[in-house]
Structure formats: structure tokens, C-alpha cells
Amino acid sequence: MNVESASLGVLILAAGKGIRMHSDKPKVLQLLLEEPIVYYPLKAASDAGIENIAILVGHRGDMVDAYIRKEWPGVQVIWQDEQLGTGHAVMVAEHWWERFEHVLVVSGDVPLVRSSTLADLVEKHLKLKPQCSFISFLMDDPSGYGRVVRLADGAVRIIEDKDAVEEELLIQEINSGVYLFETGALSAVIRKLGRNNAIGEYNLTDAITMIGETEGDVNIAICEDQSELLGVNTPNDLAATAEVLNRRIVSKHMLNGLKCMDPRSTWIGPRVELEPDVFIEPGAQIWGKSHVSCGARVGVYSTLRNVNIGEGSIVYGPSVVSDTQIGRDVEIGPFACMRGDAEITDRARVGRFVEIKHSVVGNDARVPHLSYIGDAAIGERTNIGAGTITCNYDGENKHRTSIGAGCFVGSDTMFVAPVSMGDDSSTAAGSIVTRDVPEGAIAIARARQINIDNWRARKGLNPKNAEKKDDEEN
Ligand code: UD1
Ligand code: CA
């Protein structure tokens, strides 16, 4: 029997208060590489091939529930209204797990556990058929964790940090918070748990001790990689796990051909896809559901979120780009900002200090310097002069600007939207365009220049003094 065919459910414990995080947000929604902590055990369970997944929510459970509904619609939410401990959480969910032969219980705050480790645990458990299996690991500093006490007769106990006596505190083998139970054995003990311990809660760890004493065998799988089962309880743990996870992700991409100048300062989220031969400069961050194609380059200190980058395109850093589609051989930045459904198509150029929002920049078009393009479409080969702005917001509503193909927009043009320019039309520099510009025309919409002769003399300024004054001002 394997993971897919076993009668198996996974229960993720995510109802706890997470007091040590000092936050209004529930702990399992704290961000780890920009995904909620609980994303990781959910992903590991589903990657291991387990289809039946439920999650316990309680403290700020409405927020966790909303996240699950949106991102994990197949996962069942179970409420633990009062959070009386990990044992209580499993007790409350009995109506769900009793339908399976086995239930895998995973703490929602153990984000680094690999899907292969979960699958191995299940396979070994199905082969050896104990009543409970759990993962332990060795820690140089085990403080805070439950210690695994191996007794002389082969029996096993887990003793919590706060309940341990001095010699137990020295034990370095600790409980990971990942357990697999035969549901019959778990049912037999779960309602017998007591609260007679230092924190006065129903501890799931006591169920393991009880199964060993009365129901059968307990099998321990030791995980060799001690970083894999770090629990996240504090902001320090969050930073430490982020570092481990990031190192894992970056090195996985490098094995596939990523060229990364400085892996330690490069941050890549777990949902990012990189094709081989992407080049990343120091300090870059790539998050969300981003995809970077072959031969693309992500420049120094750039932040990308939900961005698709086509082959051979370059984002010069620093630039901040989110929710944007970038075609092939495009050049972006440095100091470009793009967001809100922007689309920059093949060979276009978006240069220095340009902001683009909810707009399409056509093939071979150029917006090289200092512009704001919002709610606009720019046609192929069009050149947008420096300082051009689409005035898209009238204080109440947003309006669109449409600029045709092959246009020449003079520097410092203001488009007061809604307004459009036909193909091959132009604007004179400094124009404020309030009416549509026909195809092939030029719009000149600025005050005509007047030169007043002898201005200084007329003002009674002697040219020599004027020069001196200029020097002082400079
Ligand atoms: C737990 C284990 C400890 C182990 C460690 C590994 C117990 C009693 N102790 O300790 O042996 O070494 O994990 O990381 O289980 N939760 C609920 N409902 C509750 C209480 C907690 O759903 O009423 C959830 C939390 O949200 C969390 C998980 O259970 O995701 C673990 O709870 P936590 O309080 O972090 O346990 P630890 O003290 O870390
Ligand atoms: Ca914990």
C-alpha cells in the first residue's frame, strides 16, 4: 500500500494563539518568504499525494478560514473554538478523522518539513504497522521543544519542556510535531487526556505515551536534517526558517541552471518558476506566482511579484514590478515601477523613473524617461517623450488614454483622459492634450511663446549688475 491508496487523512493544527509572535495576526498567517507559514505544511501534504486534508482553526480563525477558502478550496476547515492544547485540537476533529484508518497530524507551525519526509513516514508506518509513528530529530539546543524519553524497556514518552526534570532537559532528541496514528488507537486514548501539566492544556504528546502503554507500538522516525523540523514560535524562529527555506529554494534553482551572483542576498518565493539560464544580481527578490524565462536578467535590488518575464528580457535594478506581463527582449528600468496589470510587449523599452499602471505598452514602443502611464494603451513603435503623464484620475473616476501606433509624443505632454491619439500622430512638447488627436496630425496645446525685447534694460537693470546677481544666486 502506498500514500495514495491508503485510507489516510492529514490534520493540520493551526488554531493556537501563537502568543510568542506578539502579533494580532494568527501565527500560521505570518509570512515566510511572502507566503503564510501554513502554506508550507499544506503544500508538503498535498505534494506527498495526500488528498484528504483538514485544518484546525480557532484563534483569529476567521482570517485563517478566509485564506483557506481562497487558496486551498479543497481543504476542510474544522473549528476549535477554545484552544485548550494540541490534544484538544485533535479531540475536536475526531468526527473528521475517525472515517480514515490513519491520520497524519502536522503542526501548522513546522513549515520546513519536506513532502518526501511525510511520504517516507507514511510508507514506513504502513509497512511496520505500529499504532503510532512520529518524527523526532536531534537539536544542539533543544530548549522549548518536547523531549523524547526512550525508556529501558523500549517504551517511549514525550515530556514537554516545561514539565521536564533536569536530566530530561539534557535530552537532545526532540518531538517534531509530526505524527501518524492508527485512528482506532488514537480514538481509544484521545478522550482520556488530562490537563495535569505545567501549562494546564490537553497535550497531544500524552496520547503517544498512552498508546505506547496500552494500545501497541510506537515507532520513531529520526529525521537527519535538523533544520527540517524547526518550529516557528517567535520572530527569531521566523527569520531563521526563512533563511533555511530560501537557501533551499535558491540552490534548487541553481541546480536547474540559475546563475545567481550572491545567493545569500537573493530571495525567491516558493511559487516562483525560473527557466534555466536566468541571471540574478545581488539583492533581488522574486515573489508570488512569477515566471522568469530563459536568458532573462533580474537586476540588483529589484523586487518582482506576480511577474512573467519573457526570454532575453532585462530588468535593470533597482526596479519594483508587480502583477505585470513582460514580453521578450524587453528592457525595463533602472528605477522603474510597474503594477496593476501592466503589460510590456516584445522589444519595448521602459526606462528610468517611469511608472506604469494597468496599461499596455506595444511592441517596440519606448517610454524611456520620467513618465507616469496609467490606464493607457500605447501602440507599436510609439515613442513617449520624457515627462509625459496620463492624467487618468479626475478625483472620482479613472479614465483611459489611447495612443496609436507609430506616434511621437513630445516631452512633457499631459494627456487629460479620456483622450486618444490616432496612429502616426504627434504632440508638441509641453502640450496639455484634452481633445482626441486625429491620425497623422500634430497637437500643439500650449501657450504661444512671447519674447519681450530689451526686458532687462526696460526694468532698469544694468546688464553687468544682472550678471553679478546671477552669480550670487548660483
Ligand atoms: C509542540 C509539542 C512539542 C514539540 C513541538 C514541535 C505539544 C504539547 N507539544 O510544542 O512536543 O516539540 O510542538 O514544534 O504538542 N494548536 C492548536 N490548538 C491548540 C494549541 C495548539 O491548533 O489548542 C496548534 C498551534 O497553532 C500550532 C501547533 O498546534 O500550529 C503546535 O502548538 P504550539 O503551541 O506551537 O506547540 P509547541 O509548544 O511548539
Ligand atoms: Ca510550535
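Residues numbered from 1 in each chain as written. Chains lettered and ligands numbered in written order. Predicted model: local features only at pLDDT ≥ 70, side-chain atom pairs only at ≥ 80, totals over all residues. Heavy atoms only, no water.

### Section: a nonpolar patch on the surface
(1) Moving on: Taken together, the side chains of Phe-335, Phe-353 and Leu-370 present a nonpolar region at the surface, about 320 Å² in accessible area.
(2) Moving on: Using a relative accessible area of 53% as the deciding quantity, one classes Leu-370 as exposed. (Patch = residues over 30% accessible without salt bridge, like charges linked within 9 Å, V, L, I, M, F, W, Y side chains within 5 Å. Areas by Shrake-Rupley, 256 points an atom, 1.4 Å probe, with all protein chains shown as cover. Salt bridge = Lys/Arg side-chain N within 4 Å of Asp/Glu carboxyl O. Buried < 20%, exposed > 50% of the residue type's maximum accessible area, 1.4 Å probe, protein only.)

### Some details on helix α9 (residues 235-255)
(1) Moving on: Helix length check: α9, at 21 residues, gives a terminal C-alpha distance of 30 Å against a target of 30 Å (1.5 Å per residue), a fit within 8%.
(2) Moving on: Those residues of α9 that fall on the buried side of the exposure criterion are Leu-238, Thr-241, Ala-242, Val-244, Leu-245, Asn-246, Ile-249, Val-250 and His-253.
(3) Moving on: Check the buried side of α9 and you find it contacts β2 (31-32), α1 (39-47), β12 (259-260), β13 (267-268) and β14 (273-274). (Helix = DSSP H or I, 4+ residues; strand = E, 2+ residues; numbered from the N terminus. Expected span 1.5 Å × (residues − 1). Contact = heavy atoms within 4.5 Å.)

### Some thoughts on the coordination of the calcium ion (ligand 2)
(1) Moving on: Protein coordination at the calcium ion (ligand 2) comes from Asp-109 (OD) and Asn-233 (OD1), with a distance range of 2.2 to 2.5 Å. Taken together, the residues Asp-109 in the loop between β6 (102-107) and α5 (115-128) and Asn-233 in the loop between β11 (218-223) and α9 connect sequence positions 124 residues apart.
(2) Moving on: Judged by its relative accessible area of 17%, Asn-233 falls in the buried class. (Donors = N, O, S within 2.8 Å, 3.2 Å for Na, K, Ca; no water.)

### Considering unusual backbone geometry
(1) Moving on: A cis amide bond links Gly-317 with the next residue in sequence, Pro-318, at an omega value of -10°.
(2) Moving on: Mapped onto the secondary structure, Pro-318 falls in the loop between β20 (314-315) and β21 (320-326).
(3) Moving on: Despite not being glycine, Leu-370 has its phi angle at roughly 45°, a positive value.
(4) Moving on: Within the fold, Leu-370 resides in strand β27 (residues 366-374).

### Structural notes on the site of ligand 1
(1) Moving on: Of all residues adjacent to ligand 1, which total 23 residues, the nearest are Gln-80, Gly-85, Thr-86, Glu-160 and Asn-175.
(2) Moving on: In the model, an oxygen atom of ligand 1 is placed 2.8 Å from a nitrogen or oxygen of the Leu-13 main chain.
(3) Moving on: Between ligand 1 and Asn-233, the relevant distance is 3.3 Å, taken from an oxygen atom to a side-chain nitrogen or oxygen of the residue.
(4) Moving on: Summarising the interface, the protein chains cover 90% of the accessible area of ligand 1, which totals 750 Å² for the free molecule.
(5) Moving on: Spatially, ligand 1 is embedded in the largest pocket.
(6) Moving on: For the shell around ligand 1, the secondary-structure elements that each account for two or more residues are α3 (86-92) and β10 (173-182).
(7) Moving on: Of the residues belonging to the shell around ligand 1, the class tally is 6 nonpolar, 13 polar and 4 charged. (Near = heavy atom within 4 Å. Polar contact = N/O pair within 3.5 Å; in protein donor to acceptor, adjacent residues only side chain to side chain. 1 Å grid on protein atoms, 1.4 Å probe; cavity = no way out; pocket = protein on both sides within 12 Å on 5 of 7 lines; lining within 4 Å. Sits in = over half its atoms within 2 Å of the grid points. Nonpolar A, V, L, I, M, F, W, Y, C, P; charged D, E, K, R; others polar.)

### Remarks on the layout of surface pockets
(1) Moving on: Volume-wise, the largest pocket comes out at about 1500 Å³.
(2) Moving on: Forming the walls of the largest pocket are 48 residues, and the residues nearest its centre are Arg-20, Lys-27, Thr-86, Asp-109 and Asn-233.
(3) Moving on: Looking at the lining of the largest pocket, the elements with two or more residues in it are α3, β10, α8 (204-215) and α9.
(4) Moving on: Examining the composition of the lining of the largest pocket, we find that 4 residues originate from one element, β10, more than from any other.
(5) Moving on: Partitioned by chemical class, the residues of the lining of the largest pocket number 17 nonpolar, 20 polar and 11 charged.
(6) Moving on: Forming the boundary of the second largest pocket are 15 residues, of which Lys-43, Asp-47, Leu-245, Arg-248 and Pro-270 lie nearest the centre.
(7) Moving on: Looking at the lining of the second largest pocket, the elements that each hand over two or more residues are α1 and α9.
(8) Moving on: When its residues are assigned to classes, the lining of the second largest pocket shows 9 nonpolar, 1 polar and 5 charged. (Points joined across faces, edges and corners; volume = space filled by probe spheres on them.)

### Focus on the pattern of salt bridges
(1) Moving on: Scanning the model with the defined rule gives 21 salt bridges in all.
(2) Moving on: As a salt-bridge pair, Asp-65 and Arg-69 come within 3.2 Å of each other at their nearest N and O atoms. Here Arg-69 and Asp-65 lie together in helix α2 (residues 61-71), a separation of 4 residues that amounts to about one turn.
(3) Moving on: For Asp-65, a relative accessible area of 12% corresponds to the buried category.
(4) Moving on: Classification of Arg-69 as exposed rests on a relative accessible area of 60%.
(5) Moving on: Close ionic contact of Asp-262 with Arg-264 constitutes a salt bridge, the shortest N to O distance being 3.9 Å.

### A look at the nonpolar core
(1) Moving on: Ranked by internal contacts, the top residues of the largest apolar core, which has 101 residues, are Leu-104 and Ile-344.
(2) Moving on: For this core, the element with the most residues is α9, which contributes 6 residues.
(3) Moving on: Per-domain counts for this core show at least three residues from each of domain 1 (5-229) and domain 2 (257-443).
(4) Moving on: Discounting chain neighbours no more than four positions away, the residues touching Ile-344 are Thr-324, Gln-325, Ile-326, Gly-327, Val-330, Ile-332, Met-338, Val-350, Ile-356 and Val-361.
(5) Moving on: Residues Leu-56, Ala-93, Cys-132 and Ile-211 belong to the second largest nonpolar core, which totals 36 residues. (Core = buried A, V, L, I, M, F, W, Y, C linked by side-chain atoms within 4.5 Å. Domains from an automatic or database assignment.)

### A word on the domain arrangement of the protein chain
(1) Moving on: Segmentation of the protein chain into domains returns domain 1 (5-229) and domain 2 (257-443).
(2) Moving on: Between domain 1 and domain 2, the C-alpha centre-to-centre distance is 47 Å.
(3) Moving on: Each partner contributes residues to the interface: domain 1 has 5 residues there, and domain 2 has 8 residues.
(4) Moving on: Regarding the contact of domain 1 and domain 2, the summed buried area is about 580 Å², with carbon and sulfur atoms giving 56% of it.
(5) Moving on: Summed over the three residues of domain 1 that lose the most area to domain 2, namely Leu-33, Glu-34 and Glu-35, the buried surface amounts to 76% of that side.
(6) Moving on: Applying the counting criterion to the domain 1 and domain 2 interface returns 2 salt bridges.
(7) Moving on: With a closest N to O distance of 2.9 Å, Glu-35 and Arg-271 form a salt bridge.
(8) Moving on: At the junction of domain 1 with domain 2, the criterion picks out 2 residue pairs in polar contact (both at pLDDT 80 or more).
(9) Moving on: Class assignment for the residues of the side of domain 1 that touches domain 2 results in 3 nonpolar, no polar and 2 charged. (Buried area = accessible area lost by both parts, 1.4 Å probe.)

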